[in-house]
Structure formats: C-alpha cells, structure tokens
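Structural overview for review
The residues making up each chain are set out below.
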Amino acid sequence: MIERYAAFTGDPAGGNPAGVIRDASALDDAEMLKIAADLGYSESAFVTGRDGDGYRVRYFSPLAEVPFCGHATVATAVALGPGEHLFVTNAGAVPVTVDSTGTATLTSVPPTVAPLADADLAALLHILDWPAADLDAALPPRVAYAGAHHPVLAVTTRERLADLNYDMPALKALMLERGWTTIQLVFRDGPSTFDVRNPFPVGGVYEDPATGAAAAALGGYLRELGLVGDDATLHLRQGDDLGRPSRITVRLVPGEPGVRVSGRAVPIT
C-alpha cells in the first residue's frame, strides 16, 4: 500500500510530500523507481524489511535512488507511529523518535564539511546567474554532508534567494559529476533563523519544498565553522517560495556527533 504524507508541516497542503511504502519487501529496484516516478514526489521511502533492531529503508526520487532523505524519513517514522525507531539507510543508521503530536526527530549520521573548489563555485554561480558579490562572506561556500552531499551557498539578501531561475540541465550535469544531491541555498535572517531553498534537478525536481538531509548538513556546517554554538537550536524556513511552507528545526547537542532534525508530518488524503 502506498501512503502519502506531507513532511515538515501540519498542513497537508504545505511541506514536502513523500510516498511511504511500509512493506516493500517484494519490490525490486525497478519497481521502487517506477512507484517513485509515478508519484512524482521529490522522494519516496521504501521499507524493505527488518535489519536487526531496525527497519531497512531505501529512498527513491523520480529518477534515481538517493542515499538518504530527511523528509521521507520523517514521513515514514510518523506513519509507523509514536516511539523510537531505527532506520538502516544506505548512508548509515539513523535513529528516529516520534512523539504523540506527530513530530519526528531524526539524528543524522556524523556530518562532514569539505572545501568547494573555486571552479565548482564559479560554475554554480554561472548556472544560477548569481553574482559573486551577492554571497555572504560570513558563511563561506562549502560542501556539507550528513547522509548526502550538498554545496552550501549563502547570500546577503532574501531578495537574492527569492530570485531562483537556474539552468536545470546544466545544474543536473554538474551535480551528477560531483555526486551532489541538492544545492543548499541559504539566507541567514538572524542568529538562529535561516531561509533555505534546495534545487534538486538530479531527482527530476526543480526545487525541493523541504530537505531534511540538507538541514542536517547545514547544522554540521554551521557547527564546524564555528558559526553557531555547540549547543544550538536552529529554525529553517523552506518552501515558502513554492507555496508549500515548511518548517524544520535543527538541534546541535554537545558531545553528540550527529545532528537532530525535527518536524511534523501529516497524511495527504
């Protein structure tokens, strides 16, 4: 049975839709990809069976399998119900806790942060048609990872973030060459508040309305660069420019290698 959930929202018309297939044990790769393509959501999650104490979960976009997806993790965990769950993903083990309000909190694999090559930055700016002068020097470009790789580009104004009109085939080609899942575009609106957008052409989607994996990667990036404290709660706004408002909470806990990402999920009827 295919279930449909909107993640990182309490409104079925908001957030990021995800397909949830809680019993995919009889499906092969081609069948899972076809279901994801037919649904047309940025990702769908497939529970293919038990793996020790956890659930083996795989994620497919309309075009390809991805190693980890935050919003589909939140959707699947809420569909499974309140309690503690362990998802065994292609990126590693991801524990998820669901409370009685339908809010799920996942803890990512340990994040990493790497330099973004000058040539890749120049290519991204060209494809986005963004001048380098609009980048925020306080948040330098990097490639962040917390289950999937995301270049992080921060700009100085919300207006620049709102002006997203990129060359989809060119960005897809570059991302496939580099192994990037989405591009994390960021505007810092305050010490702990960020507006974000995530182009996702490699998944066959122009833009992702909510991206939990990129949110975890951003948390790791901010911590690694000393841009927030080791004990911080961050609030991300995403999807507003698409008419699907999404709200993501990122929590950094001292001594905890992973990044916690929280949000609600509700069924789409």
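This text follows the structure it describes.
In every chain, residue numbers begin from 1 and rise along the written sequence. Confidence filtering applies because this is a predicted model: local features only for residues at pLDDT of at least 70, side-chain atom pairs given and counted only at 80 or more, and all residues used for totals across whole chains, interfaces and linings. Each side-chain value is derived from all of the structure's non-hydrogen atoms; neither hydrogens nor water enter the calculation.

**Let's talk about the overall build of the protein**
Across its full length, the protein holds six helices and 17 strands. A compact globule built from 269 residues should have a C-alpha radius of gyration of about 18 Å, and the protein, at 17 Å, falls within 12% of that. Seen through its C-alpha atoms, the protein measures out along the principal axes to roughly 50 × 40 × 30 Å. The cut-offs for exposure are 20% and 50% of the maximum accessible area for each residue type, with area from a 1.4 Å probe on protein chains only; residues under the lower value are buried, those over the upper are exposed, and the others partly exposed. Across the 269 residues of the protein, 56% fall into the buried class. Helix numbering and strand numbering both begin at the N terminus, where a helix is a DSSP run of H or I of at least 4 residues and a strand a DSSP run of E of at least 2. As defined in this context, the radius of gyration uses C-alpha atoms, and a globule is described by 2.2 Å times the residue total to the power 0.38.

**Here we look at the pattern of salt bridges**
Salt bridge criterion: a side-chain nitrogen from Lys or Arg within 4 Å of a carboxyl oxygen from Asp or Glu. Counted under the stated rule, the structure contains 17 salt bridges. Note that Asp-134 and Arg-160 form a salt bridge whose closest N and O atoms lie 2.8 Å from each other. Taken together, the residues Asp-134 in the loop between α3 (118-128) and β10 (142-145) and Arg-160 in helix α4 (residues 158-162) connect sequence positions 26 residues apart. Taking the relative accessible area as the measure of exposure, Arg-160 reaches 16% and is therefore buried.

**Comments concerning the side chain of Glu-43**
Tracing the backbone through its elements, the reader meets Glu-43 in strand β3 (residues 43-51). For this count, His and the chain ends are skipped, Lys and Arg are scored as positive, and Asp and Glu as negative. One buried charge, Glu-43, has no salt-bridge partner; the nearest side chain with opposite charge is Arg-244, at 12 Å. The contact definition used throughout considers only heavy atoms, calling two residues in contact when any of these lie within 4.5 Å. Aside from chain neighbours lying at most four places away, what touches Glu-43 is Pro-17, Ala-18, Gly-19, Phe-60, Ser-61, Val-66, Cys-69, His-71, Phe-200 and Asp-208.

**Thoughts on unusual backbone geometry**
With a phi close to 65°, Phe-8 is a non-glycine residue in the positive phi region. As for its placement among the helices and strands, Phe-8 is situated in the loop between β1 (2-7) and β2 (16-21). The exposure class of Phe-8 is buried, given its relative accessible area of 2%. Within the chain, Asp-129 stands out as a residue other than glycine whose phi angle is a positive 60°. Along the chain, Asp-129 falls in the loop between α3 and β10.

**Quick look at the packing of α3 against helix α5 (residues 168-178)**
At a closest axis distance of 10 Å, the pairing of α3 and α5 adopts a crossing angle of 155°. The angle between the axes of α3 and α5 places the two elements in the roughly antiparallel class. When the axes of α3 and α5 are compared, the crossing they make is left-handed. Contact residues: α3 offers Asp-120, Ala-123, Leu-124 and Ile-127, while α5 offers Ala-170, Leu-171, Leu-174 and Arg-178. Residue composition of the contact of α3 with α5, by class: six nonpolar, no polar and two charged. Helix axes use the C-alpha atoms of the stretch in contact, all axes being lines fitted to C-alpha atoms, and the angles between their N-to-C directions lie in the range 0 to 180 degrees. Roughly parallel means an angle under 35 degrees; roughly antiparallel, over 145; roughly perpendicular, 65 to 115; everything else is oblique. Each crossing gets its handedness from the near helix: less than a right angle anticlockwise from the far helix is left-handed, clockwise is right-handed. Classes in brief: Ala, Val, Leu, Ile, Met, Phe, Trp, Tyr, Cys and Pro nonpolar; Asp, Glu, Lys and Arg charged; the others, Gly included, polar.

**Notes on the packing of aromatic side chains**
Aromatic ring pairs: the centre-centre distance and the angle between the two ring planes describe each pair. Aromatic rings from Phe, Tyr and Trp, taking only the six-membered ring of Trp, are treated as a pair when their centres fall within 6.5 Å; an angle between ring planes under 30 degrees marks them as stacked, one over 60 as edge-to-face, and anything in between as tilted. Tallied over the entire structure, the rule returns four aromatic pairs. When the centroid spacing of 6.3 Å and the interplanar angle of 85° are considered together, the rings of Tyr-55 and Phe-87 count as edge-to-face. With Tyr-55 in strand β4 (residues 54-60) and Phe-87 in strand β6 (residues 83-89), this residue pair connects regions lying 32 residues apart in the sequence. Accessibility assignment for this pair places Tyr-55 and Phe-87 in one class, buried. Summarising the aromatic geometry, the rings of Tyr-59 and Phe-68 are spaced 5.9 Å apart at their centres and angled 85° between planes, so their arrangement reads as edge-to-face. Residue classification places Tyr-59 among the buried residues on the basis of a relative accessible area of 0%. Residue class for Phe-68 comes out buried when judged on its relative accessible area of 2%. Over a ring means this: the NZ of a Lys or the CZ of an Arg is within 6 Å of the ring centre and within 35 degrees of the ring normal. Cation over ring: Arg-50 sits above Tyr-55, and NZ or CZ is 4.3 Å from the ring centre.

**Some details on the nonpolar core**
Each nonpolar core is a collection of buried residues, namely Ala, Val, Leu, Ile, Met, Phe, Trp, Tyr and Cys, held together in the definition by side-chain atoms within 4.5 Å. One finds Tyr-59, Leu-236 and Val-261 to be the most contacted residues of the largest nonpolar core, which totals 77 residues. The greatest single-element share of this core, amounting to seven residues, is contributed by helix α6 (residues 212-224). Tyr-59 has contacts with Ser-44, Ala-45, Ala-64, Glu-65, Val-66, Pro-67, Phe-68, Cys-69, Ala-72, Thr-73, Phe-87 and Thr-89, leaving out every residue within four places of it along the chain. In this structure, Ala-24, Ile-35, Leu-39 and Tyr-41 belong to the second largest nonpolar core, which totals nine residues.

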